[in-house]
Amino acid sequence: MTKLAELQTNFIRDCLSGQLTPENTLMANDLDTQLISAQGLMSIYQNSAIANITNSLSLSYPVIEKLVGKDFFQVMCEQYIVKHWPTSGNMDDYGESFSSFLAEFEQVRHLSYLEDVAQLEWRFHQSSLANDNSYFDWARLAEVASSETITFLLSPSLSIMSSTMPVDKIWLMNQVNTPENIELSLDGDSDTFIVLFRQGLKTEMMTVVASEFAFLQSIENGHDFEAAIESAQTVDANMSIDHCLKKYIELGVICGFSV
Amino acid sequence: MVLIMQSIQGVGVSLKHQHFQEFINHKPDVPWLEVHTENFFSQASTSSKYLAQIRQDYPISAHCVGMSLGSAAINCPVREQHLQNIKSTVDWLQPGLISDHLSWSASQSGHYLPDLLPIPLTEEAFAIVANNIKRAQDVLQRQILIENPSSYLTYVDSPITEWQFLSSLAEDTGCGLLLDVNNIYVSAHNHNFDCLTYLNNIPLTAVKEIHLAGFSTEMIEGKELYIDTHGDRVCDDVWRLYEQAIKRFGALPTLIEWDTNIPDLAVLLDEKSKAEAIITKVASIEKSNLIANTVNGQS
C-alpha cells in the first residue's frame, strides 16, 4: 500500500470508529495538532460526513423524521450510519435497510408502525427514481390466441406492499397538504394493501383489495396470467379479472406482456 | 428536446429542487445554473425530468462532489462506477462546464464518505491526483475544472502550498481551475495564510469559474474554525476578495452556491445582483484607468 493509501485507510477508519479518543485516533501522527488535537480535527470530518449522510436519509425518510422529531431522527441516523457506512457515491442507493434498523432500535421498538412506514417511504423513493413505462400495445394483446400463455410486465416504478398497520393513512397525515377526514386506528384487524406507481412526475399511492394485491403480487413474482388469476381468485372467487386487468393497464401499472 | 449549448457566462446560481417549479413557471433572469451531478444519476427520476425541462431554457454547469480525484485506491470499483455514472449523466446533460474538487471520498477498503476529504500536498499525492484527473478527462472526453476545497486540518507532511499544487495540476493535466473564493477565505482563516498571496499565485489563464458561498463558525477546543456550509449569504470580506479575483482573472463565470438551509430563490438572486455589481464596478474602474492612461500618454 502506498503512503497516501495507508493514510487514507487510517482516515476512514477514524471516521468509522465512533467515539474518538487520543488512544484510538489512528491519524494522530499525521496531523498538525498544535492548536486542535487529532481527535478534535478528525471529529470535524466524522461529524460532517454523518451530517451529509443524515441529510440524505432525511430526504428519503421525511415522514419518519416528522414522526420521531428532527433531533431524535438525527440520533437514530447516527446510530444507523456507524453500522452502515455508504459503499457507493450514489446516495440514491443508500438507506434501504433503515426500516429493519428501526424495528430493532430499542427506543422506538414499541412504535411498531415505524418499520412499515419507513418501508413505504423507501418504496416512494425508489419509485421516483425508476425508469418510465413502455407503451402498452393493446392491438398486439388483441391478437394473442387464447391457447398462448401470457405473462404481464409491471411498470418499473411499481411497488407493492402489505402491512398490518394503516401505514397509508399515517403517511398521508404527515404530508404538507394532509387530506381532511382521515380516521386512523392502530387497533384494526384488517391488513392494508398498497400499490405505488409513478404517473408523470408524481408517485401515486393506492390502497387495493386483497385479491387485486394477490393478482399483482403473482405477476411481480414472474407468474403467468393464468397463475395470477388463480392467486386472485383464491382470495376472492368472485373477483372480476377483466375489470382488474383493464384498470391496471390503463393506470400504467401493467405496461406490457410477453407471450 | 432542444439543448442549449451556449457557454457559461455571467453570474449563475445553484439549482436546488426547492426552486424547480419557479424556474419552470417563471423563468427568472439567470444566465446559467449549476447542479450537483450526483443528484441526477437516474435519468428517469422525477428530479431529472424537472432538470430536462429547465435545461431547455438555461445552460447548465455540472458540479461533481464524488469523483474522489485525490484517492490513492487502485482499481477501486467504487470510484470507477462513480466515474461511469458521471459520464452517463454528462452525456445526457451536455453541461457547459464540469468540475470536481481537490479532495477524496473513496478508500481502498470500499467505503465512501460523502464529504470533501483533504489530501496531504506531497509529490506522491500530486502524481496520484494528476493521474486520476487524466483518467477522468479521458473518460469524459473533455476538460474538467478542479476546485480548491475548504479544509479544517493540515498534515504534518504537506510541503507544497495549495496554490502551487493546483497550478501544477493545471499545467500537467490540462485541467482548468474552479476558484472558490469563499473556500480560500475559510482555509486562510483556519490555516493562517494570506488570501491575496493565494490569488496572486494562481496562473491567470487556468481559472475558468469562480464560486461564492457562505460559511459558519465553530469553536473546536477553544479555536474558532470557519466551516464551509454553503448555507448563508456571502460575507463582506469574501465580497472584497471576489473583487480582487475579478480584477486579476477578469469577469469569469461566477456561481452563487447554496446547498444547505435553502432560502427563497429571491435571496440567491439578490446575491447574484451583488456579484454582478462588483463585475460592473471592476469593469468601470478598468475603463476609467484605460482612458486615464491613454490621456496621460498623449500629454
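Residues numbered from 1 in each chain as written. Chains lettered and ligands numbered in written order. Predicted model: local features only at pLDDT ≥ 70, side-chain atom pairs only at ≥ 80, totals over all residues.

Peer 1: Even after reading the chapter, I still don't get the overall build of chain A, so can you show me in this structure?
Peer 2: A count of helices and strands for chain A gives 11 helices and five strands. By the compact-globule yardstick of 18 Å for 259 residues, chain A is too spread out, its C-alpha radius of gyration being 24 Å. When each of the 259 residues of chain A is scored for burial, the buried share is 36%. Across chain A, every contact between residues at least 6 apart in sequence was considered, and the portion connecting residues at least 24 apart equals 62%. (Helix = DSSP H or I, 4+ residues; strand = E, 2+ residues; numbered from the N terminus. Rg over C-alpha atoms; globule rule 2.2 N^0.38 Å. Buried ≥ 20, exposed ≤ 12 C-beta atoms within 10 Å, placed from the backbone. Contact = placed C-beta atoms within 7 Å.)

Peer 1: How should I be thinking about the overall build of chain B in this particular structure?
Peer 2: Across its full length, chain B carries nine helices and 12 strands. Relative to a compact globule of 299 residues, whose C-alpha radius of gyration would be 19 Å, chain B shows 19 Å and is just as compact. Expressed along its principal axes, the backbone C-alpha trace of chain B runs to roughly 70 × 50 × 40 Å. Each of the 299 residues in chain B was classed as buried or not, and the buried ones make up 48%.

Peer 1: Before we go on, may I ask you to explain the interface of chain B and chain A in this structure?
Peer 2: Often, the extent of an interface is quoted as the loss of accessible area on bringing the components together. Listed by partner, the interface residues are 40 residues for chain B and 39 residues for chain A. Counting residues per element, the ones that place at least two in the side of chain B that touches chain A are α2 (46–55), α3 (77–93), β5 (104–106), β6 (112–117) and α4 (123–140) of chain B. Class assignment for the residues of the side of chain B that touches chain A results in 19 nonpolar, 15 polar and six charged. (Nonpolar A, V, L, I, M, F, W, Y, C, P; charged D, E, K, R; others polar.)

Peer 1: Would you mind showing me how to read the nonpolar core here?
Peer 2: By size, the foremost hydrophobic cluster in this structure holds 137 residues, and its most contacted members are A:Val117, B:Leu33, B:Ile146, B:Leu177, B:Val181, B:Leu212 and B:Tyr242. When neighbours within four sequence positions are excluded, A:Val117 is seen to be in contact with A:Val63, A:Ile64, A:Leu67, A:Val167, A:Ile170 and A:Trp171. (Core = buried A, V, L, I, M, F, W, Y, C linked by C-beta atoms within 7 Å.)

Peer 1: What exactly am I supposed to notice about α4(B) here?
Peer 2: A turn of α-helix holds 3.6 residues, and therefore any two residues three or four places apart point the same way. Spanning 18 residues, α4(B) covers 26 Å between terminal C-alpha atoms, matching the ideal 26 Å at 1.5 Å per step. The inward-facing, buried residues of α4(B) abut α1 (3–16) of chain A together with α3, β7 (145–147) and α5 (162–173) of chain B. One or two residues past the end of α4(B) sits B:Gln141, with phi positive at roughly 60 degrees. (Expected span 1.5 Å × (residues − 1).)

Peer 1: I'm lost on the environment of B:Thr205 in this one. Help?
Peer 2: Residue and element names in this part refer to chain B. Looking at the secondary structure, you find Thr205 in the loop between α7 (195–200) and β9 (207–212). Using a count of 10 C-beta atoms within 10 Å as the deciding quantity, one classes Thr205 as exposed. It is 26 Å that separates the C-alpha atoms of Thr205 and His189, two residues lying 16 residues apart in sequence.

Peer 1: Got a minute to help me understand the UniProt feature "domain: Putative DNA-binding" (unreviewed entry) in chain A in this structure?
Peer 2: The UniProt entry lists residues 7–102 of chain A under the feature "domain: Putative DNA-binding" (unreviewed entry), expressed in the numbering used here. Secondary structure content for residues 7–102 of chain A is 61% helix and 0% strand, and the end C-alpha separation is 34 Å. (UniProt positions renumbered as here; feature names shortened; annotations may be inferred.)

Peer 1: Help me understand the sheet that holds strand β1 (residues 11–14) of chain B, please; the structure alone is not making it clear to me.
Peer 2: Sheet strands associate in pairs through backbone hydrogen bonding, adopting either a parallel or an antiparallel arrangement. Residue and element names in this part refer to chain B. Around the barrel, which closes on itself, the eight strands sit in the order β1-β2-β3-β4-β7-β8-β9-β12 with parallel pairing between neighbours. Strand-to-strand twist across the sheet, computed as the mean angle between neighbouring axes with direction ignored, equals 30 degrees. Where β7 meets strand β8 (residues 176–180), three bridges bridge the pair, whose relative direction is parallel. Each bridged residue has a counterpart across the sheet, and for Ile146 the counterpart in β8 is Leu177. (Pairing = 2+ DSSP bridges. Axes fitted to C-alpha atoms, helices over the stretch in contact; angles between N-to-C directions.)

Peer 1: Please clarify how helix α9 (residues 210–220) of chain A should be interpreted in this entry.
Peer 2: Residue and element names in this part refer to chain A. The buried count for α9 comes to eight of 11 residues, which makes it a mostly enclosed element. All buried positions along α9 are accounted for by Ser211, Glu212, Phe213, Ala214, Phe215, Leu216, Ser218 and Ile219. Where α9 is buried, its residues meet β1 (151–154), β2 (159–163), β3 (192–199), α10 (225–235) and α11 (241–251). Looking one or two residues past α9, Gly222 carries a phi angle of roughly 90 degrees, positive in sign.

Peer 1: Would you mind showing me how to read the packing of helix α2 (residues 38–60) of chain A against helix α4 (residues 70–83) of chain A here?
Peer 2: To characterise two packed helices, one gives the angle between the axes of the helices and the distance between these axes. Residue and element names in this part refer to chain A. Across the interface, α2 lies against α4 with an axial gap of 10 Å and an inter-helix angle of 110 degrees. Here α4 runs roughly perpendicular to α2, going by the angle between their axes. Crossing of α2 against α4: the hand is right-handed. Residues Ile50, Ile53, Thr54, Leu57 and Ser58 of α2 lie in contact with α4, whose contacting residues are Phe73, Gln74, Cys77, Glu78 and Ile81. Grouping the constituent residues of the contact of α2 with α4 by class yields six nonpolar, three polar and one charged. (Parallel < 35°, antiparallel > 145°, perpendicular 65-115°, else oblique. Left-handed = near helix turned anticlockwise from the far one by under 90°.)

Peer 1: How do you make sense of the confidence of the model for chain B when you look at a structure like this?
Peer 2: The predicted structure's coordinates, where accompanied by low pLDDT, should not be read in detail. Within chain B, residue pLDDT values average 93, and 97% of them lie at 70 or more. This prediction of the complex comes with two scores: 0.89 for pTM and 0.89 for ipTM. (pLDDT = per-residue confidence, 0-100.)

Peer 1: Any chance you could explain the confidence of the model for chain A here in plain terms?
Peer 2: The predicted model of chain A has a mean per-residue pLDDT of 90, with 99% of residues at 70 or higher. Per-element averaging of pLDDT across chain A places helix α7 (residues 138–143) of chain A at the bottom with 88 and helix α3 (residues 62–68) of chain A at the top with 96.

Peer 1: For this particular structure, what's the right way to read the sheet that holds β3(A)?
Peer 2: All names here are of chain A. The three strands are arranged β2-β3-β4 in an open sheet whose pairing can be described as antiparallel. Where the open sheet ends on each side, the last strands, each with one partner, are β2 and β4 (202–207). If you compare each strand with its neighbour and ignore which way they point, the axes differ by 20 degrees on average. When β2 meets β3, the two strands line up antiparallel, connected through five bridges. Looking at the pairing, Ser163 lines up with Thr192 of β3. Sheet contacts for α9: β2 and β3; angle to β2, the most-contacted strand, approximately 130 degrees.

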